[in-house]
Amino acid sequence: MVVINLFLVNNIRYKIYSLPFLISLIALSLFSVSCSKDPIREKAVAPENPDTTQNPTSYDEGIFVINEGNYNWGNASITFIDNRTNATVQDLYQIANQHNLGDVAESMKICNGFGFIVVNNSNRIEVVNLKNFKSVKSITGLQSPRFLELIDSTKAYVTNLQKDISILNLQSNTITGTIPIYGWTESLIRYDKYMLVTSIGKYSEPSSKRKAQILVIDTQTDKIVDSIQTGKEPIGLVIDKKQKVWVLCSGGFDNFEAPSLMRINPELRMVEKVFTFPTITEVPSRLCINNTGDTLYFLKGGVYQTPVTMTGLPTNPLISADGRLFYGLAIHPKTGCIYVSDSKDYVQNGTVYQYSPTAKFIKQYTAGRIPGGFCFTSKNAK
Amino acid sequence: MKDTLQLPEFELTSKYVLENNGFKKVKIDSSIIISHLNSDLSTLLSQYTTIFIKSYGNGTLATPSFRGTTAQHTQVEWNGIDLNSPMLGQADLSLIPVSQFDGLEILFGSAGISRTSGAFGGVINLVTNPDWNNRLNILASQSIGSFDTYTTNINIITGTSSFQSHSKFNYASALNNYPYYNDFLMETVNQHNASYKQFGFSEEVFWKLKDRHLFSAKLRYNYDDRNLPPTTTKYEANNVEKNVQSSLMAVVEYKYVKKDFNLSVRSAFANQKMHYTLDSTYDDHHQYYSWINKIKFTYIGIKKLAIKPGIDFTHDEVNSEEYEGIKTRNTTSVFTEINYTPWEKLKTSLVLREDLIDGKFLPLVPAVGVDLTPFQKLNLGLNLNLSRNYKYPTLNDLFWNLYGNPDLRPETNYSIEIGSVFNFLSKSKKFYIELNLTGYYSWIYDMITWSPVDGNSNLWKPENIDEILARGIESGINIKWEIVKFKFKFDNNYSFCKSTYEKASSEYDNKIGKQLIYIPVNTLNSTLTLERWKFYLIYNFSFTGERFTGKDNLTVMPGYSLSNIIFGKNLSLNNFILSLQLQVNNLFNLDYQSVASRPMPGINYAFTIKLSFDKPNRE
């Protein structure tokens, strides 16, 4: 390039012609220089309100918001809401570890001072030290993991989208075995020495071919001892104060049947009550229960609430969506506050809204891409 | 017309027809095409035009977008026949080998209305042309590149002054296991499950009778077997995701040319089969057939006036496992182009198009264009055009099982464009400069976007929800200069494009006034070509500005610059030419991603050896 430059300038005859060349070359070199040699990777644009990013001193008392991220975009993240200062911190994982969390972070559990973040599509569980959020282990060898539930401080089960339930050793952070399952398992809840797990069927099959049930697994022998048939696609599972298990069934992604809410007696392993939703296409999700175990919550457009003693499903929402896309829901174990996330159109950063148990708006928090899951710190546990 | 450079070797299909006035069209140099025989169309466009190519990795899905619109607003054509899939409404440019065409023309914005409705961004047309002076031209080329990339091309072009046959064969294969730094795994890895095999064959015959009748028949077959590479964050899953695709196209054409009128009749049949698999989880078959017919009449018998009416009829039929039953679509399009030259310096055109889709009339698509060359001695042209355009939803948008939305309305586009072009050729004919500057302002209503259904976060549907305002400036400086037997060429294109969301779906929506995702505001490319002693050097520089990855514009992929060099030598002996060429891509070994989590290769090389035999008619 330089050679050409000199050559052009020395020929006065052509000087006038060389002008555009020169200008272009200069522009070109400027462009080349101004572009940094840093790897070209997705990054956050500096926030407009810097006060929302102030660092809390610790992650002791607050809520981790699990932002799923878009499928295959590598943009899952964790937001922390500090319950004492109401401050939020974004991109916790990325900042502490200098690499991204992968994508479709589904859920998070806390045990022994460590956080276990289940990242579905990247097929990992990231184990982070809750003091500094640094990753201490990436657990691999899963089958599209969904949720993790603790059995005790040494052992946990992980449900998977593809097949099997993975048995996780919480001391060594390794997968020590699997419980063979044909297809997708979703929610799990502990009851006595058993783990109840919702089993949906093979992911790639239509609802008509899928067998929906709750599996009863003996956590000492890791064997399936019984099963209870449910409505299609059982996705939510909670246990109330009377030790009754509630199951929310979506009815199938292909609108196979009307969604339903079922009450199960885990002792007798029998369905006691079935409440069927009126509209097949209005699909409920995110079944939650409050700290006292007497009120159920779920999403169906808006946030719905119903006492466990109900005789029918609630018809009006407790909190209406009003143009928001409610996606995640959690009830604060200590305060009973309702946390609901708006994931917008999935291609923008989401927002978390906090309401009192009586649905009074308290505060809203900025979150990351597709906030879906919530994880309360141990100090917040009841 | 603002063509870049009028190269003598570049012959246009529309030679017999007057071009429409006031609309922007650009051609790519045939010298660029010939030095990229081993590439695919996406490489060519991303390096030499300001069309943004959204690339998901080396040798995998690459879709075009220009003037702030999407890939579905860009029509890709092969000799005027639509290559966009009626299912997706877009074309994957990585599947189109450069060796299958000799010319490339790009119609910007409203210029596309003379070809089709719905191409709000524009039309990319791949052209093949007969050279009646050719007697025998044989080309054999073998290219060997990094990551076990091999490309073989054989072209046999033969004929007489009234008959020409083009036989072209291409085969490409690549392991494509390029190393990259995976910042999720925090180590350098080799990309896997990225290999591909591509086979193509085309046969075209042209027959001219008494300079009156032109018959041509074209057959084009492509087979592509490729693995779809994982994202950086899914690298460990070791999935085998695969797409095998074969497409066949057959075109017959008849042209009748007389002094003041001509007639063109074309009929094409296209068939594409796709077979997608993901491990043993998914196994999907899709297939479509299209029957495309085009009749166009040109009459220039009245002074100052050219009238070009025509009718197109297309029948699409899709057989997909993701549709409920076979879906069809019949599109009839009646159009006319009127070129009127009231005064030597002023040329005008009017294009009207009326589409009838499955028995329903779309509103009229009109476009008006004006060309003005005000000065006698100064080669300065000004142009203006206005248009209204409609885009019908794709068949996937309408019929995809569970998710398709049969209630979709067509998208609407209003656009205005003002341009200017200046060129100057020195008396010695050794220096040529062309400057062009175009501004456009385009509004899209009812744009179809896949988004979650209100109140049901589990269900996605395409809906007419977005309103887009796209405006921008395109400029170019092209210089050609011959000095002491050195041949220089310096082509520069710059595009500034603001394309923003203008309507929010609710008060919580933060996208108003924000740039569309994956549409860069700034793109620039420069190509310097040098020739002397039968050596040639092509230095190409391209800059792609930052692309937002969220509609709220809070996350961004930084801009990047890439440089590529091609260096070659032609050795000739009698009728033989032996060419040796070395190509270095990503010269400065930039670690970059065009799309988030989709790794691109660092510096890589290709060596090409090409032998051609050329025997033209020497009379």
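Since this is a predicted model, take the numbers as computed values, not measurements.

Quick look at the overall build of chain B
Here is step 1 of the chain: From N to C terminus, chain B includes three helices and 34 strands.
Here is step 2 of the chain: Compactness check: chain B gives a C-alpha radius of gyration of 24 Å against a globular reference of 25 Å for 619 residues, within 12% of the reference.
Here is step 3 of the chain: Along the longest, intermediate and shortest principal axes, the C-alpha atoms of chain B span 70 × 50 × 45 Å.
Here is step 4 of the chain: Across the 619 residues that make up chain B, the buried fraction comes to 49%.
Here is step 5 of the chain: Sequence separation of at least 24 residues holds for 61% of the intrachain contacts in chain B that already meet a minimum separation of 6.

As for the overall build of chain A
Here is step 1 of the chain: Broken down by element type, chain A carries three helices and 28 strands.
Here is step 2 of the chain: Going through the 382 residues of chain A one by one, you find that 45% of them count as buried.
Here is step 3 of the chain: Sequence-distant contacts in chain A: of pairs separated by 6 or more residues, those separated by 24 or more amount to 43%.

Concerning the sheet that holds strand β12 (residues 174–179) of chain A
Residue and element names in this part refer to chain A.
Here is step 1 of the chain: On the basis of which strands lie adjacent, the open sheet formed by four strands has the order β9-β10-β11-β12 and antiparallel pairing. Each end of this open sheet is capped by a strand with a single partner; those strands are β9 (145–150) and β12. Each strand axis lies, on average, 30° off the axis of its neighbour in the sheet, ignoring direction.
Here is step 2 of the chain: Here β9 pairs with strand β10 (residues 155–160) via four bridges, running antiparallel. When the bridges of β10 are listed, L150 appears paired with A156.

Some thoughts on the interface of chain B and chain A
Here is step 1 of the chain: The interface of chain B with chain A comprises 58 residues on the first partner and 51 residues on the second.
Here is step 2 of the chain: Of all the secondary structure elements, the ones that give two or more residues to the side of chain B that touches chain A are β25 (431–453), β26 (456–483), β27 (486–501), β28 (522–532), β29 (535–544), β31 (555–557) and β32 (560–573) of chain B.
Here is step 3 of the chain: Looking at the side of chain B that touches chain A, the element that brings in the most residues is β26(B), giving seven residues.

Things to note about the pairing of strand β22 (residues 295–300) of chain A
Residues and elements named next belong to chain A.
Here is step 1 of the chain: Most of β22 sits inside the fold, with six of its six residues counted as buried.
Here is step 2 of the chain: Along β22, one buried face is formed by T295, Y297 and L299 and the opposite face, lined by L296, F298 and K300, is buried too.
Here is step 3 of the chain: Counted along the chain from strand β21 (residues 285–289) to the antiparallel partner β22, the turn is five residues long, and its residue G293 has a positive phi close to 70°.
Here is step 4 of the chain: Of the pairings in the sheet, the one linking β22 to strand β23 (residues 302–307) comprises six bridges and is antiparallel in character. Following the sheet pairing, T295 is matched in β23 by P307.

A word on the environment of B:H275
All names here are of chain B.
Here is step 1 of the chain: Position of H275 among the secondary structure elements: in strand β16 (residues 261–278).
Here is step 2 of the chain: Overall, H275 belongs to the partly exposed group, with 15 C-beta atoms counted inside 10 Å.
Here is step 3 of the chain: Measuring from C-alpha to C-alpha, the distance between H275 and N617 comes to 46 Å, with 342 residues separating the pair along the chain.
Here is step 4 of the chain: Apart from residues no more than four positions distant in its own chain, H275 is found in contact with V244 and H285.

Focus: the environment of B:A268
Residue and element names in this part refer to chain B.
Here is step 1 of the chain: Among the structural elements, A268 can be located in strand β16.
Here is step 2 of the chain: Placed 17 residues apart in sequence, A268 and V251 show a C-alpha to C-alpha distance of 4.2 Å.
Here is step 3 of the chain: When near neighbours in sequence (up to four residues on either side) are disregarded, A268 contacts I81, M249, A250, V251 and I292.

With respect to the pairing of strand β4 (residues 74–78) of chain B
Residue and element names in this part refer to chain B.
Here is step 1 of the chain: A large share of β4 lies buried, amounting to five of its five residues.
Here is step 2 of the chain: Going residue by residue along β4, you find T74, V76 and W78 tucked away on one face and Q75 and E77 tucked away on the opposite face as well.
Here is step 3 of the chain: For β4 and strand β7 (residues 122–127), the ladder comprises five bridges, and the chain directions are parallel. Looking at β7, one finds that W78 is bridged to L126.
Here is step 4 of the chain: In the sheet, β4 pairs with strand β5 (residues 81–82) via two bridges, with the strands oriented antiparallel. When the bridges of β5 are listed, W78 appears paired with I81.

Notes on the confidence of the model for chain A
Here is step 1 of the chain: Summing up the model confidence of chain A, the mean pLDDT is 87 and the portion of residues at 70 or higher is 87%.
Here is step 2 of the chain: Ignoring residues within four places in sequence, the model shows residues 1–13 of chain A, a span with pLDDT below 50, making six contacts including any to other chains.

Topic: the sheet that holds strand β17 (residues 234–239) of chain A
Residue and element names in this part refer to chain A.
Here is step 1 of the chain: Strands sit in the order β17-β18-β19-β20 across an open sheet of four strands; the sheet is antiparallel. Whereas interior strands pair on both sides, the edge strands pair on one side only; in this sheet they are β17 and β20 (270–276). The sheet shows a mean angle of 20° between the axes of neighbouring strands, direction not considered.

Overview of the nonpolar core
Nonpolar side chains in soluble globular proteins generally cluster together in the buried interior.
Here is step 1 of the chain: Within the largest apolar cluster, 87 residues are counted, with the highest numbers of intra-cluster contacts made by A:V65, A:I66, A:I117, A:V118, A:V158 and A:V247.
Here is step 2 of the chain: Excluding its chain neighbours within four sequence positions, the residues that come into contact with A:V65 are A:I78, A:T79, A:I81, A:V352, A:A367, A:P371 and A:F374.
Here is step 3 of the chain: Core analysis: the second largest hydrophobic core is formed by 60 residues, B:L37, B:I51, B:F108 and B:M447 among them.

How each quantity is defined
- Throughout this document, residue positions are counted from 1 along each chain, in the order its sequence is written.
- Note on labels: chains are lettered from A, ligands numbered from 1, in written order.
- Residue-level local features of this predicted model are given only where pLDDT is at least 70; pairs of side-chain atoms are given and counted only at 80 or more, and the full residue set underlies all totals for whole chains, interfaces and linings.
- The helix and strand labels rest on DSSP assignments: H or I over at least four residues marks a helix, E over at least two residues marks a strand, and numbering proceeds from the N terminus.
- Atoms counted for the radius of gyration: C-alpha only. Globule rule: 2.2 Å times residue count to the power 0.38.
- To assign burial, the other C-beta atoms lying within 10 Å of each residue's own C-beta are counted, with C-beta atoms placed from the backbone; 20 or more indicates buried, 12 or fewer indicates exposed, and intermediate counts indicate partly exposed.
- Any pair of residues counts as being in contact when their C-beta atoms, constructed from backbone geometry, are within 7 Å of one another.
- In short, DSSP must find at least two bridges between two strands for them to pair.
- Axis geometry follows a simple rule: fit a line to the C-alpha atoms, using only the stretch in contact for helices, then measure angles between N-to-C directions, giving values from 0 to 180 degrees.
- Confidence of the predictor at the level of single residues is given by pLDDT, which spans 0 to 100.
- Structurally, a nonpolar core is described as a collection of buried Ala, Val, Leu, Ile, Met, Phe, Trp, Tyr and Cys residues joined by way of C-beta atoms within 7 Å.

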